[in-house]
Each structure stands twice: as structure tokens, then as C-alpha cells.
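Structure assessment
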Amino acid sequence: METGSVMEAISKNILVSVLCDPPKQSQAPFSVKSVRYIGSRATRIKLISFFFIGLRSTNRSATHIVTEFVLLGFPGCWEMQIFLFSLLLVVYVLTLLGTGAIICAVRWHPRLHTPMYFLLGNFAFLEIWYVSSTVPHMLANILSKTKAIPFSGCFLQFYFFFSLSTTECLFLAVMAYDRYLAIYHPLHYPTIMARRICGMLVPLCWLIGFLGYPIPIFFISQLPFCGANVIDHILCDMDPLMALSCAPAPITEFIFYTQSSLVLFVTITYIIRSYTLLLRAVFQVPSAAGQRKAFSICGSHLVVVSLFYGTVMVMYVSPTYGVPTLMQKILTLVYSVLTPLFNPLTYSLHNKDMKFALRNILGRMRISQNS
């Protein structure tokens, strides 16, 4: 056997023995300096190269250990899990039925072919996707024994949930602008909110929502997850994922939270400004009945908006270090499951045209079933 192959075999054996059987405290640790006592200069260079190649391969294998995550969800006995499953299933079905009815009413009834209802129909369509990005997996996770979610599935849920949340914030701002124009500038409303303008605003909201997060979420997915894979939450979220990472990423975290905070503050500021001007216009309504109706509509809208933005800001703007884990799960459940149920209903319950259209559709369904 040649000298080079012999030294290569020896160096590999030394490397394996050092990596697999580290020295005890009483022994001197292996280091690159100790290589200077082994063989010739060429042999020492080759041994050092083998040493660092082995370290790189070891680190590379360690950072790709996690192939799936475990979502713990809400703890409790089996009866509690069944109750939670039934509750989530009922809320999910009601959300789909309510938003689906609004979409059908806007699509089929001629009286609802206006900019306001066009936005409302698209908002209901958004809510279907928003609630479907998390609830089906929550239901499956409750009944699962392993409660596992694949690595790619976790980050896909993370991406779609935050993109749809951003799109919802933009939709709420656009709808507040629409109501502001309809009440504060009724004469200019048909010109400003023309069908063409609405057709541009809707895809713009979707585009901004889905183009804002691919880059930061991609960098988060490339972080080394070499420790535990247990996420004590009900969905794949920013803080639990960063807690499992082996390497800090302050720049990525800063970009992510800055972007989320900017979207929240800009949209909520505009919504508050719009409703403040709406309330100012309400005070100018001469009849008390008109004022009560306007207050009822604006008040219900503000309650739902406050519920959504309040819970989201607690989770992603204010520090959550002192918030218990169970409370974080409940807050996440509020803005991810309950607000999609309340939002479209609140925006349509006080509307006579929407009620008339829904009754008309239900009447046609009954006639078709009887015939």
C-alpha cells in the first residue's frame, strides 16, 4: 500500500475516533495544533483538510435533522378534545355557509352589482381562504395521535396565513375608504369608486399581501432546526419557530416584525381616520332614527375591526414574553377563527339590500326543491 493511502486511512481513523469518541476531561483534547507532531508537512495538511471536511459534514447533517414539527394545540383529556373539535367544526361550517351565501347574493342579485357589494363579495371570498388556511389542519391535529406536520407544510401554512392576514388588513382599509366616500362624499362616490377602480383595488390587495412575505419566510425556513421539534401552539407561527432555531437571525426577525407592524399600523390608522370622519358626518344627520342607524352600522363594524386588530397587535406588535402560552393560543384562535365568522355577517346584517337578496335566494332554493 502506498504511503499516501496509508496516511489517509490513518487520518480518517483519527478523525472518526475524535468525532465519535471525544476525549475525557483528563485527556488533552484533540486540536489542530496537535497535528504538527504527525508525519510530514504534506501529511499534516491532508489531515487538517480531512478534519474540517468532517466537521462540515457533521454540522450539515445536524442542521437537517428536523423533518417535521409537532403542534401541541390545546392540552386536555379526550373528551375536551372532542368538544373543541365539534366547536371548531361548527364555527368552520357556519363561516363557509355565511360567506358562501354572501358571495352568491352578490353574484346573482342585480341590486347588489355596486362597488360596495363587489368589495363585500371579494372580502367574503378572502375569508373562506383565510379560515381554510388553518382550521382544517387544526381539526385534523386534534384527532391525530402524533400531531405532526411536515416541515414544508408548516412553512406553507405560515406563509399563507400571514399573506391572507395582510390581505385582510388591506381589504378592511379599502372597505372603510368606500364607506367614507359613500357617506361623506355621496355625489362624487359613483365617479371615484367606479367598477374599474374596484377591479384594480381588489387584485392590488391580493398582490401586496402575497408578495410581502416570501423572502423573509424563505430565510426563516433556511435556519438550522437541529433541536426539539415541538411547537406549543395551534399553528405554525413566527415566535415558536424562531424559538426552535439553533442559530439567531436578528435581521430576519427585525424585517419580519417591522413589515407586519407597518401593515397593521398603516391600515388601522386609516380605518380609524375613516370612521372618525363617518361619525362626524353622522352627527350632521337631522333625524334621530338616521343617527341611530348610522351608529349601529359603524359601531358593529368597529367592534369587529377592534377585535381583529386588538388580538393581532397583542401577538405581533407588543412583546409576548409575559403572556402565558394558553392565552396566546386563545388570542390566535380569536383572530384566525372567530373574526372570519363575524366579519362578513357584521358587514351585511344591517343592510336591507343584502337581507332582501338572501331571502330571494333562499326562496328560489325552496321553490326549486319543492318542484
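Heads up: these notes are all about the structure in this document. (Residues numbered from 1 in each chain as written. Predicted model: local features only at pLDDT ≥ 70, side-chain atom pairs only at ≥ 80, totals over all residues. Heavy atoms only, no water.)

Moving on, we come to the overall build of the protein chain. Helix and strand content of the protein chain: 14 helices and 3 strands. Classification of the 371 residues of the protein chain by burial places 42% in the buried group. By sequence separation, contacts in the protein chain at least 24 residues apart represent 78% of the contacts at least 6 residues apart. Accessible surface for the protein chain amounts to roughly 20,400 Å². Of this, 70% is attributable to carbon and sulfur atoms. (Helix = DSSP H or I, 4+ residues; strand = E, 2+ residues; numbered from the N terminus. Buried < 20%, exposed > 50% of the residue type's maximum accessible area, 1.4 Å probe, protein only. Contact = heavy atoms within 4.5 Å. Areas by Shrake-Rupley, 256 points an atom, 1.4 Å probe, with all protein chains shown as cover.)

Where charged atoms from two side chains of opposite charge come close, those side chains can pair. Under the defined criterion, the tally for this structure stands at 2 salt bridges. Residue aspartate 178 is joined to arginine 179 by a salt bridge in which the shortest nitrogen-to-oxygen separation is 3.0 Å. The same class applies to aspartate 178 as to arginine 179, namely buried. Among the ionic pairs, lysine 329 bridges to aspartate 232, the shortest N-O distance being 2.7 Å. In this pair, lysine 329 is assigned in helix α13 (residues 325–349) and aspartate 232 in the loop between β3 (230–231) and α10 (238–244), connecting sequence segments 97 residues apart. We classify aspartate 232 as partly exposed; its relative accessible area is 38%. (Salt bridge = Lys/Arg side-chain N within 4 Å of Asp/Glu carboxyl O.)

Let us now look at the sheet that holds strand β2 (residues 148–150). What the 3 strands build is an open sheet, ordered β2-β1-β3; its pairing is mixed. Two strands bound the open sheet, and with one partner strand each, they are β2 and β3. Its contacts with the sheet place helix α6 (residues 151–184) against β1 (68–71), β2 and β3, and it is angled at close to 85° to β2. (Pairing = 2+ DSSP bridges. Axes fitted to C-alpha atoms, helices over the stretch in contact; angles between N-to-C directions.)

With that settled, the discussion passes to a nonpolar patch on the surface. A surface patch of nonpolar side chains, amounting to about 420 Å² of accessible area, comprises Leu89, Val90, Val93, Leu94 and Leu97. Assessed through its relative accessible area of 38%, valine 93 is described here as partly exposed. (Patch = residues over 30% accessible without salt bridge, like charges linked within 9 Å, V, L, I, M, F, W, Y side chains within 5 Å.)

Phe69, Phe158, Phe256 and Tyr309 are the most contacted members of the largest nonpolar core, which totals 91 residues. Per-element tally for this core: the top contributor is α6, with 17 residues. In contact with phenylalanine 69, not counting residues within four places along its chain, are Lys147, Ala148, Ile149, Phe151, Cys154, Phe155, Phe225, Asn229, Ile231, Leu241 and Leu244. (Core = buried A, V, L, I, M, F, W, Y, C linked by side-chain atoms within 4.5 Å.)

A separate point is helix α5 (residues 135–143). Taken together, the buried positions of α5 are occupied by Val135, Met138, Leu139, Asn141 and Ile142. Each buried residue of α5 sits inside an arc of 165° when the element is viewed along its axis, so together they form one side. (Arc of directions from axis to C-beta.)

It is the rolling of a water-molecule-sized probe over the atoms that shows where space remains empty. Under the definition given, this model contains 2 cavities of 30 Å³ or more. Here the largest cavity defines a volume of roughly 130 Å³. If you trace the largest cavity, you find 13 residues lining it, with Phe162, Ser165, Leu264, Val312 and Tyr316 closest to the centre. Elements represented by at least two residues in the lining of the largest cavity include exactly α6, α11 (250–283) and α12 (288–316). For the lining of the largest cavity, the element with the most residues is α6, which contributes 5 residues. The residue inventory of the lining of the largest cavity, partitioned by class, reads 10 nonpolar, 3 polar and no charged. Here the second largest cavity is characterised by a volume of approximately 100 Å³. (1 Å grid on protein atoms, 1.4 Å probe; cavity = no way out; pocket = protein on both sides within 12 Å on 5 of 7 lines; lining within 4 Å. Points joined across faces, edges and corners; volume = space filled by probe spheres on them. Nonpolar A, V, L, I, M, F, W, Y, C, P; charged D, E, K, R; others polar.)

With that settled, consider the packing of aromatic side chains. Taken as a whole and assessed by the stated rule, the structure comprises 26 aromatic pairs. Ring centres 6.0 Å apart and planes at 20° place the aromatic pair tryptophan 206 and phenylalanine 210 in the stacked group. Linking tryptophan 206 with phenylalanine 210, this pair stays in helix α8 (residues 195–211), spanning 4 residues, or about one helical turn. For the pair shown, tryptophan 206 and phenylalanine 210 are each scored as buried. (Phe/Tyr/Trp six-rings, centres within 6.5 Å; stacked < 30°, edge-to-face > 60°.)

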